[in-house]
Amino acid sequence: MSLINKLTAKLSKRTSASAAVVWPETAFTREQHAVRNTQFSQTYHAYTNPQQAFEFCREQADEGVVMALYLLALQYEQGDGQQNYLSQAVSCYQRAADCGHPESLFNLALLQLQGQLGKPNAVLAFSYFEQAAEQGLVQAQYNLASMLDQGSGCFQDQTVAFSWYNKAAQQGYTQAWQNIAVMYYRGEGVKTDKLQAYAWTLLAAKAGVDEAITAEPEMTQGLNSTEILVGKAQFDHLQQGFLAYLPIETRFEG
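This structure is a prediction, so every number in the text was calculated from the model and none was measured. (Residues numbered from 1 in each chain as written. Predicted model: local features only at pLDDT ≥ 70, side-chain atom pairs only at ≥ 80, totals over all residues. Heavy atoms only, no water.)

(A) Local environment of the overall build of the chain. Helix and strand counts for the chain come out as 13 helices and zero strands. When its C-alpha atoms are laid out on the principal axes, the chain stretches across 70 × 40 × 40 Å. Counting all 254 residues of the chain, 43% fall into the buried class. A sequence separation of at least 24 residues applies to 53% of the contacts in the chain between residues at least 6 apart. (Helix = DSSP H or I, 4+ residues; strand = E, 2+ residues; numbered from the N terminus. Buried < 20%, exposed > 50% of the residue type's maximum accessible area, 1.4 Å probe, protein only. Contact = heavy atoms within 4.5 Å.)

Next comes the structure, spelled out in structure tokens:
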């Protein structure tokens, strides 16, 4: 029996013993979790032996260290080369998620959305994405915006979708830049503004977003010379705010 199989068997016995288990992580405050996560990470990353690292991660997860729960969940989900252990992964993700861990919430959302735990559940995925987004996780903010934009797992609300795209955009999520451009162009969730659409398209194109690169020439052709100048001025203003997220070689190109 492999190491992960042995430890999985132990975890299965523990978690099935009672439906009302009180997990150790519930005893700590958010500040205490932050300290414990830092201490765990410093030791965990010092391990060079994968089995020892796994054992340490499992031991710390048993002590309610949120980061250990998350990393253990990742390892269970990945498996040992022969099979994965989704039920154990979900248990660890859920414990970490209950402590507000955004990456665990995000991964639970993906598992639900992709149907890896049975029938796809967009409603539950939306809930997990929303919680992770509120914690500031940019990928969750983008996915939440996409679901609101399309009405997947929720009532369609393009105004709120635009707001979440904008939150992701402010963190440098370049695909959100392109989606904002599209919403300005179509007047979805925001007042139609073809010059803002043009400016955001130029920004996304500079970041290498394929859709923006493809759309830019046609958008330029649809504007008169004055509109192009105004749109590029708006782009210059946007670019200054997002320089840190642009490829170095493109930052100072015209």
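Structure shown, so let's carry the discussion forward.
(B) Geometry of the pattern of salt bridges. Per the stated rule, a full pass over the model turns up three salt bridges. Note that Asp62 is salt-bridged to Arg58, the shortest N-O span being 3.2 Å. Of this pair, Asp62 and Arg58 both sit in helix H3 (residues 50-62), four residues apart, roughly one helical turn. You can call Asp62 partly exposed: its relative accessible area is 25%. For Arg58, a relative accessible area of 14% translates into the label buried. Taking the shortest distance from any N to any O, the salt bridge between Lys194 and Glu227 comes out at 3.1 Å. With a gap of 33 residues between them, Lys194 in helix H11 (residues 194-206) and Glu227 in helix H13 (residues 225-241) connect regions that are remote in the sequence. The class for Glu227 is buried, based on a relative accessible area of 18%. (Salt bridge = Lys/Arg side-chain N within 4 Å of Asp/Glu carboxyl O.)

(C) Local environment of helix H9 (residues 158-170). Given a rise of 1.5 Å per residue, 13 residues ought to cover 18 Å, and the 18 Å separating the end C-alpha atoms of H9 matches this to within 8%. Where H9 is buried, its residues meet helix H7 (122-134), helix H8 (138-150), helix H10 (174-186) and H11. Between a side-chain oxygen at the N-terminus of H9 and the backbone nitrogen of Thr159 the separation is 3.2 Å; the capping residue is Asp157. (Expected span 1.5 Å × (residues − 1). Polar contact = N/O pair within 3.5 Å; in protein donor to acceptor, adjacent residues only side chain to side chain.)

(D) Here's a closer look at the environment of Ala197. Along the chain, Ala197 falls in helix H11. On a C-alpha basis, the gap between Ala197 and Glu103 in space is 31 Å, while along the polypeptide they are 94 residues apart. The residues touching Ala197, leaving out its near neighbours within four places in the chain, are Ala181, Tyr184, Tyr185 and Met219.

(E) Inspection of the nonpolar core at higher detail. By size, the foremost hydrophobic cluster in this structure holds 76 residues, and its most contacted members are Phe40, Phe129, Trp177, Trp200 and Leu203. In terms of residue count, the dominant contributor to this core is H11 (nine residues). With near-sequence residues (within four places) excluded, Trp200 lies in contact with Ala169, Trp177, Ile180, Ala181, Tyr184, Leu238 and Phe242. (Core = buried A, V, L, I, M, F, W, Y, C linked by side-chain atoms within 4.5 Å.)

(F) Representation of helix H4 (residues 66-78) in the model. Helix length check: H4 (13 residues) gives 19 Å between terminal C-alpha atoms against 18 Å at 1.5 Å per residue, within 8%. Those residues of H4 lying buried are Val66, Ala68, Leu69, Tyr70, Leu71, Leu72, Ala73 and Tyr76. Backbone geometry just after H4 places Gly79 at a positive phi near 85°.

(G) The environment of Phe129, seen in detail. Within the fold, Phe129 resides in helix H7. C-alpha separation for the pair Phe129 and Glu188, spaced 59 residues apart in sequence, amounts to 22 Å. What Phe129 contacts, discounting residues up to four positions off in sequence, is Phe106, Ala109, Leu110, Leu113, Ala140, Asn143, Leu144 and Met147.

Treat this as a map of the structure, not an account of what it does.
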